[in-house]
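# Remarks on the overall topology
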Amino acid sequence: MSVLKIEDLQVSVETEQGTKQILRGVDLTIGEGETHAIMGPNGSGKSTLAYAIAGHPKYHVEGGSVTLDGEEMLDKSVDERARAGLFLAMQYPVEIPGVSVSNFLRTAKTAIDGQAPAIRGWIKDLDASMSALRMDKSFRERNVNEGFSGGEKKRNEILQLELLKPKFAVLDETDSGLDVDALKIVSEGVNRAKANTGLGILLITHYNRILRYVQPDFVHVFVAGRVAEQGGPELAVRLENEGYDRFLAGSNVG
Amino acid sequence: MASETTAPLIERPEHPEPAQHGLQAHSDGGSAFVPVQTRSERFTSTSPEDFAAVTGLEFEWKFAPLATIKHLTEGPLDGSPAAFSYTESGGTTVGWIDRTDALIGAAGAPEERASANAWSAAENALHIQVSGEEAGELTVRRDRFDATARAAHVVIEALPNSAGTVILEHSGPANLAENVEIVVGDNARLTVVTVQEWDDDAIHLSSHFARVGRDASLRHVVVSLGGKAVRVNPSVHLVEQGASIESFGLYFADAGQYIEQRPYIDHVAANTRSRVNYKGALQGAGAHTVWVGDVLIGPHADGTDSYEQNRNLVLSEGTRADSIPNLEIETGNIVGAGHASSTGRFDDEQLFYLQSRGITEEEARRLVVRGFLAEIIQQIGSPALEERLAAAVEAELLQSQGLAGEVV
Ligand SMILES: Nc1ncnc2c1ncn2[C@@H]1O[C@H](COP(=O)(O)OP(=O)(O)OP(=O)(O)O)[C@@H](O)[C@H]1O
Ligand SMILES: [Mg+2]
């Protein structure tokens, strides 16, 4: 059983006003095949948590640890973490001019597996995933995310999730900006990945909507850089009805 | 991060401001800008005395490192024939012709002082003739120059109905001003590729003049990788109906390197077509590239179809890419005319994105640069050269990464 364990994670960023503490001791344990939803107000540090796990250089770890099956991830470079089995579906995927989707995917797959995929099987997998995500074949020859609509970018993230087969994935607002049809398609992709590989998921969202399609095992309320409360799926419903007011009352949100 | 313009300019601005990118401080006197008159009315002469001494304020010279190149605009130049080598190829001949030969001046005349200086100093001209109807490929290796300030003149002639590829490969030291004339006969199909892989301290100012005949097509490719200051300015005159030009460029400037190119497409006759596409990468402190693309659609050039673009990829801080498209249209009756110019940074977010998919930093950079420049390399049409240049670009990338690593 794989386990991703986040313990007392403290993270800051450099701002023009100086160092700003954002994560103030995050504890989370995600087991293989589990889905954890993280909900919380804007600016509470959800993306910061996602980026810190992936190793974005802008976020400075002040303390704590992130281990994957006991191995410390925070000492590793971004690409090493990915090769160890971590994946981040980004809130705002960037465009990569001059690099085609197919070249990018093949290069990433080769890097993750340590060897180039067998051509025939690879093309088959790629075709199957793309058609399941309703992505036209022409996307293969387009440059990564260049000129993609918001929804197309999100599908492209899930395409990578399916093909790269990580152990744990952080999905940062993958549902934002999707219409109902696209939401279903993307959710099905996540569920497929989960069924096929026992993927553990940290699903960051503002909305209950996606949780109807991707069933969470746990819901965590994220406020002011830490987990303020956790519960089962029923907590998400309560949050949607009540908002975050009762959590914000006592805390000073920066 | 990329800026883009696709709407055609209907009138040439009197003072086209350069699209400026890069992080280095920029301090040239914008007011000393020489007004650009209609490109076709620009003064031409084959004698350097007819041009005023170069001050660096002229539009032609305002970006160039004048201290490095000025001697080529006014100093004495050794115009004796320089040694070269070439690969034999069917349907082509190579030899020297006299400077009084009728071919000299057939494709154009100098518009600036270095070009005129070279014109008047060159004692004779290297004549490359393509006569075969089956496309052959000829490579001329010009790798035996030295530090002496020299002048050269080259004439590439494709006879009517001929087809072929002429590759000029440049390496070794150079301190060279030259003119290259390209005469494409009626119905001929000619590809000219000029590759600059000079030594680090080489200086090369080259003016290309092309005259493209009726229903003839020219593919012109400029590849500039090595040298301290390298400038290749192709002027292409589409003088007969149905003439067409595909003008491509690829350049990679690393620390301290200056690379310039000013393609000028002159649509004279009706139903002529042009495509211009230059792409450049910059990496390292002081890497500077300049692209000025002029397209003139003359009063008789009805039915012109034209598009020009320049794209730059900035790989590190401390570089500067100037990119200036100019489109001048003197007839209303055209098929199309457009231009685009963009300079984008290879930024940390791209690097993070690729790395977060398991790709190492080095591989990520290679992927982006290779992808970006591949579009041009694929246009060369000589598989062996394409492969070699793809490798050369990668070597550039690794080399300048290595240097960057030492500084840190
Ligand atoms: N580079 C930075 N400079 C200054 N402040 C930053 C920087 N990066 C993040 N922050 C701040 O850190 C806090 C947490 O940001 P983060 O993006 O993690 O929030 P979030 O919970 O993902 O919000 P949202 O729901 O809007 O996506 C915010 O107040 C944000 O402004
Ligand atoms: Mg966020």
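Residue numbers restart at each chain and count upward from 1, following the sequence in its written direction. Chain labels run from A onward and ligand labels from 1 onward, assigned in the order the entries are written. Per-residue local features of the predicted model are confined to residues with pLDDT of at least 70, and side-chain atom pairs are confined, for both listing and counting, to 80 or more; whole-chain, interface and lining totals are unaffected and use all residues. Computation of side-chain values covers all heavy atoms of the structure but excludes hydrogens and water.

Here we come to the coordination of the magnesium ion (ligand 2). All names here are of chain A. Around the magnesium ion (ligand 2), the protein contributes the donor atoms Ser47 (OG) and Gln91 (OE1), which lie 2.0 to 2.4 Å from the metal centre. Of this pair, Ser47 sits in helix 1 (residues 46–54) while Gln91 sits in the loop between strand 6 (86–89) and strand 7 (96–100), and the two are 44 residues apart along the sequence. Here's how the labels work: a residue is buried when its accessible area is under 20% of the maximum for its type, exposed when over 50%, partly exposed in between, all with a 1.4 Å probe on protein chains only. For Gln91, a relative accessible area of 15% corresponds to the buried category. Water is absent from the atoms considered, so a metal site may look incomplete; donors are defined as N, O and S atoms within 2.8 Å of the metal, or 3.2 Å for Na, K and Ca. Under the scheme used here, helices are H or I runs from DSSP no shorter than 4 residues and strands are E runs no shorter than 2 residues, and both carry numbers assigned from the N terminus.

This part takes up the pairing of strand 7 of chain A. Residue and element names in this part refer to chain A. Judged by how many residues are buried, strand 7 sits mostly within the fold: four of five residues are covered. Strands qualify as paired when DSSP identifies two bridges or more between them. Sheet topology places strand 7 next to strand 8 (residues 143–144); two bridges connect them, and they run antiparallel. Bridging across to strand 8, Ile96 finds its partner in Val144.

The next subject is the side chain of Ser187(A). Residues and elements named next belong to chain A. On the secondary structure map, Ser187 appears in helix 6 (residues 180–197). Ser187 gets classed as buried once you look at its relative accessible area, which sits at 1%. Residues within four places of Ser187 in sequence aside, it is in contact with Ile210, Tyr213 and Val214. Two residues qualify as a contact provided that any one of their heavy atoms is within 4.5 Å of a heavy atom in the partner residue.

Bringing the domain arrangement of chain B into the picture now. Interface size, as often reported, equals the accessible area lost upon joining of the parts. Residues and elements named next belong to chain B. Domain start and stop positions are those given by an automatic or database domain assignment. Domain boundaries in chain B define domain 1 (35–345) and domain 2 (347–408). Using only C-alpha atoms to locate each centre, domain 1 and domain 2 end up separated by 26 Å. Taken together, the contact between domain 1 and domain 2 spans 27 residues of the former and 23 residues of the latter. Overall, the association of domain 1 and domain 2 removes approximately 2,200 Å² of surface from exposure, summing both partners, and the carbon and sulfur fraction of that is 63%. Put simply, a salt bridge is a Lys or Arg side-chain nitrogen that is within 4 Å of an Asp or Glu carboxyl oxygen. At the boundary of domain 1 with domain 2, the tally comes to three salt bridges. Linking Lys279 and Glu375 is a salt bridge whose minimum nitrogen-to-oxygen distance equals 2.6 Å. Side-chain atoms alone can form a polar contact between residues adjacent in sequence; in general such a contact is a pair of N or O atoms within 3.5 Å, and within protein one must be able to donate a hydrogen while the other accepts it. At the boundary of domain 1 with domain 2, the tally comes to nine residue pairs in polar contact (both at pLDDT 80 or more). When residues of the side of domain 1 that touches domain 2 are traced back to their parent elements, those giving at least two are strand 7 (163–172), strand 9 (189–198), strand 11 (217–226), strand 13 (244–254), strand 16 (273–283) and strand 18 (305–314). A class-by-class count of the residues in the side of domain 1 that touches domain 2 yields 12 nonpolar, seven polar and eight charged. Throughout, buried area stands for the accessible area (probe radius 1.4 Å) lost by two parts on being put together, summed over both. Under the grouping applied here, Gly and all other residues not named as nonpolar or charged are polar, the nonpolar ones being Ala, Val, Leu, Ile, Met, Phe, Trp, Tyr, Cys and Pro and the charged ones Asp, Glu, Lys and Arg.

Attention now goes to the site of ligand 1. Residue and element names in this part refer to chain A. Near ligand 1 there are 17 residues, and of these Gly43, Lys46, Ser47, Thr48 and His206 occur at the shortest range. Between ligand 1 and Lys20, the relevant distance is 3.2 Å, taken from an oxygen atom to a side-chain nitrogen or oxygen of the residue. In the model, an oxygen atom of ligand 1 is placed 3.3 Å from a nitrogen or oxygen of the Glu173 side chain. Coverage of ligand 1 by the protein chains reaches 71% of its 640 Å² of free accessible surface. Only strand 1 (3–15), strand 2 (18–31) and helix 1 provide two or more residues apiece to the shell around ligand 1. Tallying contributions element by element places helix 1 first for the shell around ligand 1, with three residues. Classifying every residue of the shell around ligand 1 gives four nonpolar, nine polar and four charged. We call a residue near a molecule or strand when any one of its heavy atoms sits within 4 Å of it. Residue exposure ignores everything except the shown protein chains as possible cover, and the areas themselves are Shrake-Rupley values with a 1.4 Å probe.

Our next topic: the sheet that holds strand 2 (residues 85–86) of chain B. Residues and elements named next belong to chain B. Taken in spatial order, the nine strands line up as 2-5-7-9-11-13-16-18-20 in an open sheet, and their pairing is mixed. Pairing within the sheet leaves two strands with one partner each, and these edge strands are strand 2 and strand 20 (336–345). With seven bridges joining them, strand 5 (residues 136–142) and strand 7 adopt parallel strand pairing. Note on strand 7: the bridge partner recorded for Thr139 is Ile167. The strands that helix 5 (residues 361–377) touches are strand 13, strand 16 and strand 18; relative to strand 16, the one it contacts most, it runs at about 160 degrees. Interaxial angles span 0 to 180 degrees and are taken between N-to-C directions of axes, which are lines fitted to C-alpha atoms, for helices over the stretch in contact.

Residue and element names in this part refer to chain A. Strand order in the open sheet formed by six strands is 6-9-10-3-11-12, with mixed pairing between adjacent strands. A single partner strand is all that each edge strand has here, and the edge strands are strand 6 and strand 12 (226–231). Taken pair by pair, the neighbouring strands of this sheet meet at an average axis angle of 20 degrees, ignoring direction. Alignment of strand 3 (residues 35–39) against strand 10 (residues 200–204), held across four bridges, turns out to be parallel. Residue pairing for strand 10: Ile38 is matched across the bridge by Ile204.

Soluble, globular proteins show a tendency: their nonpolar side chains are buried together. By nonpolar core we mean a set of buried residues, namely Ala, Val, Leu, Ile, Met, Phe, Trp, Tyr and Cys, connected to one another through side-chain atoms within 4.5 Å. Core analysis: the biggest nonpolar cluster contains 115 residues, and Leu9(A), Val26(A), Leu49(A), Leu161(A), Leu171(A) and Phe252(B) have the highest contact counts within it. If you tally residues by element for this core, the top one is helix 5 of chain B, at eight residues. Shared between two domains, this core takes at least three residues from each, and those domains are domain 1 (35–345) and domain 2 (347–408) of chain B. Those residues within four positions of Leu9(A) in sequence are excluded, and the remaining contacts are Leu23(A), Arg24(A), Gly25(A), Val26(A), Leu49(A), Ala52(A), Val61(A), Gly63(A), Gly64(A), Val66(A) and Leu74(A). Counting 53 residues, the second-largest nonpolar core is a separate cluster that includes Val140(B), Val212(B), Tyr251(B) and Ala321(B).

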